[in-house]
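# Observations on the model geometry
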Amino acid sequence: MAEGVVVGAFLSSFLEVVFDRLSSPQFVNLIQGKKLDQHLLERLKSALYAVQSVVNDAEHKQINDPAVKNWLHDLKDAVYVADDLLDQVSTAAATQNEVSNFLSIFLNLRDRKVANKIQDITSKLEYIVKYKDVLGLQEVGREHFSWRAPSTSLLEGYNVYGRDQDRETMVKLLLDDGSDDNISVMPIVGMGGVGKTTLAQLMYNDENLMNKFELKGWVCVSEEFDVFKVTKTLIEAVTFRACNMKDLNSLQLDLKKILTGKKFFVVLDDVWNDDYNGWCSLIKPFLYGLRGSKILVTTRSEKVASIVQTCPPYYLNHLSDEHCWSLFADHACFPKSNGNSTLEKIGREIVTKCKGLPLAAQTLGGQLRTKRYIKDWNTILDKELWEFPVIIPTLRRSYYHLPSHLKRCFVYCSLYPKNYKFVKDELILLWMAEDLLEQPKRGKTIEEVGSEYFDDLASRLFLKQFKTDDDQTFVMHDLINDLAISLAGDFYFRSEELGREDKINFHTHHLSYGSLSHPISKNFDAIVELKTLRTFLQIKFSPPSFSFESTALIILSKFKYLRVLSFSCCRELEELPDLVGELIHLRYLDLSKTSIQTLPESLSNLFNLQTLKLLECIKLTMLPSGMQNLENLRHLDIRGTSLEVMPQGMSKLKHLQVLSYFVVGKQEENGIKELGELSNLHGSLWIRKLENITDGGEAGEARIMYKTHIKDLSLEWSSGVDLVTTSTITEREILEELQPHKGLKVLSINTYRGTLFPHWVGHSSYHNMTRVILFSCSNCCMLPSLGQLPLLKFLEIQDFNGVETIGAEFYKNDNDHHSSLEIPFPCLECLSFGRMPCWKAWHSIEPDNVFPQLKQLTIFDCPMLTGDLPNHLPALETLEIHKCVNLISSLPMAPAICELMIDESHRVVLQSQELPISLQSLSVGGCELVESVFKAIAIHQPTSLQFLSISDCSSDISLSLNCLPKCLKQCQILNCEKLEFLKHEQQHNSLESLELDKSCDSLTWLSLEAFPSLKILELKGCRNLESISMPRWRDSALDELFIRDCPNFTSFPEQGLTASNMNYFTVMGCDKLKSLPRDMKTLLPKLKRMEISDCPEIDSFPQGGLPPKMEALVILNCEKLLRGLSSMGTSQALGLSFLSIGGVFCESVKSFQRRVWCLSFPL
């Protein structure tokens, strides 16, 4: 059923693509030149128009009529063929402007061949057109219809799980009368089946809440937004009487009379209308209600929410697996306790597939209502969710409301596996290559059209932003992915391991895969019929273990109609066959992360190529010399390649939108001037080898100022290249002419060879600049004035060998008359100085109010710096000082500081010998600092400190638990051999992690009884440590134990390690240790991983064997233990998923390998 729905939707927009081709200038010229029969093309147009008129009718009828469904399949196949033919003709017309006589004869022959193919497909379409009458297909408009029964305000007779917090929050919002408006409109937004209507019903039936309102009403709006119908229904709901009025004016006057001066609560459920004018018309009578009145709107669309809302929308999230299980069990009539454990295990696996969607849990539970046979539950577990009659149709309503162009884009996502992290720009490039995007209008780029499409799908909750700082990454709910797969039908195919299928449906035009099971041969039956394949896409690719060259050759020879081809991540691919030049339809080629060293010259024949991705092709040193022929190239990603020179004539690529970097050549044909004509570049641009520019005039030919779409600009001179042909003055003139436009956001300058920066660097007119990076400008004697950049947030300065002083010039440029900032660096959040060997002084300015927003300050490798740091940094949260041995300074006044790291900078002192109250993390190195820290803690114990790391202290220090702050959770002691742990007279209840590394030489015994909350214990290089002890009558909280290079360590606690929650156990390099802890099987029931290495005296596992949940076991260089493992037998190893045995003694355990190796290795 679903296949036909998408076929109809595809054809609606797909036919438009074909009509655009027929109307293109290439076709007009071709017809005028009489290379093709104009009458033939008119027949083709007529046939396409005839089928277009009945597509909507066919879309509905195919649901119950298999003949119509097959008709749609045949039609779509024919349209694919027609589109390929027209694309071939367009390409030929565009590339054959001037031809020789001999070539003209050849082209005429080919034209006749193409004409014959067009004749064939036209005849086929005309044949299909005839059958539309036989099937009774008629021209109809798009009708509104609902895929579900109207909702009511009544709750179902089942418990509602997992919505207590949502319920509380909604009640508070509905009782809030703080709005300036009389009425508040509050949208509840969520994907289909997540429980929006249920939450609204909970509100509507909450008596305590409803007592606050005088009137209430419920209307299920659904797909057809009819102001007259909604108003009439609401009047009847509020008055409990029939309404017989026939015109909208009378209805709205009546509703106004009813609501005037009343506090009301109205639910508009299932709203799809995104027409602002329609909403404004509906809302008029509601405006007369009393202040505090509320309208609750449920919708799947953020756009609808933005139109109706007077307050922020409430997003309803998915349920937890536990709440989903409760809902499932309710509907399956499965007992909450003492139920069949096997059924419960299967049921919980079923619930996991629901991914938190209540509708799915309820539906699947209902399918198993009263069924108690394991086979019935396994049947449900094995089914795909889209096979159930309620779940996918509910979600399909969202799909039905998409415009036809978005339907094709959504279904394309069926090529991706579940849980895939979509990158917005990458998906847009694929849509563009597949002709899924409408041609741009009003000066937009096609990429901007794609961005609007993507944003529209996200606003309708088909895609959800992934929880990262990156606004480019999105995920799709598993059930939405199932919806896409169910709609894609036979035309799209995804294989996790290509080659395992006996055969792929011949209708398939788009194919993606994750790995290859074996090399593709010419007789590869699974794909042999896919001659018109358009997409061959690797997604989450696992590289094969065999050579890939022959596979690439077969793919290029068989699939001549490819639009998208990806060999990404195939390191085995070292050479791309010349055959690639025959793929005239190709728009997208991804060779990222392959081992390709050169590209064939035939690549330059790909006239239609839009995207060429060569990311991290580290062996690639040059591009084809004919790159200038790729007139339609828009995206060239060469990040991470080893290109030393650009091909000649790059300026001819007028449509280029993205160019990762440009290597300036020494010749005019590949020099900086070639950048001048590339006026459409967007995003980031990195220009390398700027030393090849001879003067400012040549630099100006790059026209960097006019590239207004560039947001991130990197300018780089090669390191190690001396000034031979230019002077420092000329270098400054060159940088002056490389000035970017005023909207730039990120600027990086690397290895600049001048002594002073031009005035534009740091000029206040760069009002959008947020990040500046200046590296390796060794000749510069002073920093540029950057303090007047109003939005600068991140500043990194490194390897300025000539700078001795930073003073007033850093904060303000006296020549910048446009600056109006009274406080320098008003928005700076992160500041880093590093590797500045001559820097001696950092002078502040008056008044001392610079850096008001600075959150992180880092200074490293500045050995000559002696002056004070800025005195007052009110927003500072993190301060790092490394290898500043002459820095004599007290810490800044920083009331918000949370993290402090100081090492090899022993002359920095704590102010008033007190730690900041807000400090949460402290890392210090060196005797003076370590001693001062413990003195500060003794004077006034910090109340917020959670992490403490001390290192590189050779002083005699005695440490008792009283010295550790009571709030401390993590403690590291590194390279402090003379630090002494005093006997523990009391417990430290908060410490969760303790690491001792080459420290505490006096320590022979460590009692964990003093640390009842300790979860992680790491003991490394404790030379005299002999044993650890644990509380005898209490279970330890220990989760991970790591002991390494403790040569005198001999024993674990006599009673064993009483740590029922331990997951990881590691012992390495303990020469004298003879035995593992006793009773590991019972005392460590949750242990998952155990590693034992370089412990030659351990000869056996403890009695009882391995813990029951052990998954991984690693034994290295333990000859005696390996012999004990050999005698342990197979039964002890059956539960392992990973077993690693290594070392020079492995020959002694051959018998064990023969018996167990195949059972437990590999994972």
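Higher on the page you've got the structure.
In what follows, the accompanying structure is described. Remember, it's a predicted structure, so these values are computed and weren't measured experimentally.

### Looking at the pairing of strand β27 (residues 878–882)
Counted residue by residue, β27 has five buried out of five residues, so it is predominantly covered. Judged by which residues are buried, β27 turns out to be covered on both faces: Thr878, Glu880 and His882 on one side and Leu879 and Ile881 on the other are all buried. As paired elements, strand β26 (residues 856–860) and β27 share five bridges and run parallel to each other. Following the sheet pairing, Leu857 is matched in β27 by Leu879.

### A closer look at unusual backbone geometry
Although it is not a glycine, Ser222 adopts a positive phi angle of roughly 60°. Looking at where Ser222 falls in the secondary structure, it is placed in strand β2 (residues 215–222). Residue classification places Ser222 among the buried residues on the basis of a relative accessible area of 12%. Located in the positive-phi region is Asp1094, a residue other than glycine, with phi close to 55°. Considering the arrangement of structural elements, one finds Asp1094 in the loop between β42 (1089–1093) and β43 (1112–1116).

### Focus on the pattern of salt bridges
According to the stated counting rule, one finds 40 salt bridges in the structure shown. In this structure, the salt-bridge partner of Lys132 is Asp133, at a minimum N-O distance of 3.2 Å. A residue is classified by how much of its surface remains accessible, and Lys132, at 15% relative accessible area, is buried. Looking at Asp133, the relative accessible area reads 53%, which means it is exposed. The partner of Lys1020 in a salt bridge is Glu1018, with the nearest N and O atoms 3.1 Å apart. Residue Lys1020 is classed as buried on the basis of its relative accessible area of 12%. Given a relative accessible area of 19%, Glu1018 falls into the buried group. The structure contains a network of salt bridges with shared partners spanning Asp83, Asp84, Asp435, Arg534 and Arg563.

### Here we look at the packing of aromatic side chains
For any pair of aromatic rings, the description consists of the separation of the ring centres together with the inter-plane angle of the planes. For the structure shown, the criterion picks out 37 aromatic pairs. On the numbers, 6.2 Å between centres and 25° between planes, the contact of Tyr80 with Phe491 is stacked. Note that Tyr80 is positioned in helix α5 (residues 66–95) and Phe491 in the loop between α22 (478–488) and β9 (492–495), a separation of 411 residues in sequence. Across this residue pair, the class does not change: Tyr80 and Phe491 are buried.

Definitions and cut-offs
- Residues numbered from 1 in each chain as written.
- Predicted model: local features only at pLDDT ≥ 70, side-chain atom pairs only at ≥ 80, totals over all residues.
- Heavy atoms only, no water.
- Buried < 20%, exposed > 50% of the residue type's maximum accessible area, 1.4 Å probe, protein only.
- Helix = DSSP H or I, 4+ residues; strand = E, 2+ residues; numbered from the N terminus.
- Pairing = 2+ DSSP bridges.
- Salt bridge = Lys/Arg side-chain N within 4 Å of Asp/Glu carboxyl O.
- Phe/Tyr/Trp six-rings, centres within 6.5 Å; stacked < 30°, edge-to-face > 60°.

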